[in-house]
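Residues per chain are reported as follows:
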Amino acid sequence: MALNLVMLGPPGAGKGTQAKRFAAARRIPHISTGDMLREAVAAGTEIGLRARAVMEQGGLVSDEIILGIVRERLARPDAQAGFLLDGFPRTVAQAEALDRMMAGRGRLVVVDIAVADDELVARLTSRRVCSACGANAEFPPAGQPAPTVCARCGGSLTQRADDREDVIRERLRVYARDTRPLVDYYRGRPTFRAVDGAQPPDRVAGDLATAVDSALEAL
Ligand code: AMP
């Protein structure tokens, strides 16, 4: 049975890291709209040019652009046997459009990774990503200096353009206003699960796997 998974969670919940790891383990494509938009910005495509300013200010790219990207990606052969969506949907309108795209493709499993706001700001201001391989650096324990090179490939670590404190606050505000209502949109479904994202990454990964498996049993 195809695993069609949506991962919800605020910026800084560890969603991207968990999503990459989980998708690799289950051999389904990891579809991150944020990654696709950053690639479009780096490549200077028309979509990238239209999205760049909004992203740098912490706002949401228009539903029209996002839905076009996602529709095209989900139509590719590798997504037919399942997929993991990371960063999409982010508005109720996007969730409704996704439900329409799912007609005839089986049901969605939805997992929300929940973390309190104060913890998110602390994590995002210290987040560093590798400029070579794109991996997120581990958050250093409290009081320890942040690493400067990637533990995986030795590439230099940089800060994402939208991880400045003022932009982070805007992203969390936008999340609370536009994206948190999605949790209510999905909560009543038998395939919705919530996971505590404040735990160490391995524990979150374990809970995520358990949550997905129990949701699949409810299908
Ligand atoms: P992320 O890497 O998921 O945090 O996304 C980075 C930025 O890309 C967001 O702050 C938005 O500006 C934009 N973005 C990513 N996914 C979406 C989406 N589904 N809808 C609107 N904007 C998005």
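Residues numbered from 1 in each chain as written. Predicted model: local features only at pLDDT ≥ 70, side-chain atom pairs only at ≥ 80, totals over all residues. Heavy atoms only, no water.

## Some thoughts on the nonpolar core
Logical step 1: Ranked by size, the top nonpolar core spans 27 residues in total, and within it Leu85, Phe88, Leu98, Leu108 and Tyr186 carry the most contacts.
Logical step 2: Mapped by element, the contributors of at least two residues to this core are strand 1 (3-8), helix 3 (46-56), helix 4 (63-74), strand 3 (82-86), helix 5 (92-101), strand 4 (108-114) and helix 7 (165-187).
Logical step 3: Ranked by the residues each element gives to this core, the list is headed by helix 4, at six residues.
Logical step 4: Leu108 has contacts with Asn4, Val6, Phe83, Leu98, Asp99, Met102, Tyr186, Arg189 and Thr191, leaving out every residue within four places of it along the chain.
Logical step 5: With 24 residues, the next largest nonpolar core counts Ala19, Val109, Ile113 and Ala211 among its residues. (Core = buried A, V, L, I, M, F, W, Y, C linked by side-chain atoms within 4.5 Å. Buried < 20%, exposed > 50% of the residue type's maximum accessible area, 1.4 Å probe, protein only. Helix = DSSP H or I, 4+ residues; strand = E, 2+ residues; numbered from the N terminus. Contact = heavy atoms within 4.5 Å.)

## Remarks on the state of the cysteines
Logical step 1: Scanning the entire structure with this criterion turns up zero disulfides.
Logical step 2: Sulfur of Cys133: no disulfide; nearest cysteine sulfur belongs to Cys150 and is 3.8 Å away.
Logical step 3: Overall, Cys133 belongs to the partly exposed group, its relative accessible area being 32%.
Logical step 4: Note on Cys153: no disulfide assigned, nearest cysteine sulfur contributed by Cys130 at a separation of 3.6 Å. (Disulfide = S-S within 2.5 Å.)

## A look at the site of the ligand
Logical step 1: In the region of the ligand, 16 residues are neighbours, and Thr33, Arg38, Gly59, Gly87 and Gln94 sit closest.
Logical step 2: At 2.8 Å, a side-chain N or O of Thr33 approaches a nitrogen atom of the ligand.
Logical step 3: One nitrogen or oxygen atom from the side chain of Gln94 is found 3.0 Å from a nitrogen atom belonging to the ligand.
Logical step 4: Coverage of the ligand by the protein chains reaches 95% of its 480 Å² of free accessible surface.
Logical step 5: Looking at the shell around the ligand element by element, the count peaks at four residues for helix 2 (residues 33-43).
Logical step 6: Of the residues belonging to the shell around the ligand, the class tally is six nonpolar, five polar and five charged. (Near = heavy atom within 4 Å. Polar contact = N/O pair within 3.5 Å; in protein donor to acceptor, adjacent residues only side chain to side chain. Areas by Shrake-Rupley, 256 points an atom, 1.4 Å probe, with all protein chains shown as cover. Nonpolar A, V, L, I, M, F, W, Y, C, P; charged D, E, K, R; others polar.)

## So, the pairing of strand 1
Within a regular strand, the side chains alternate between the two sheet faces.
Logical step 1: Within strand 1, six of the six residues are buried, which leaves it mostly tucked inside the rest of the structure.
Logical step 2: Of the two faces of strand 1, the one lined by Leu3, Leu5 and Met7 and the one lined by Asn4, Val6 and Leu8 are each fully buried.
Logical step 3: Pairing between strand 1 and strand 3: five bridges, direction parallel. By the bridge assignment, Val6 is partnered in strand 3 with Leu85. (Pairing = 2+ DSSP bridges.)

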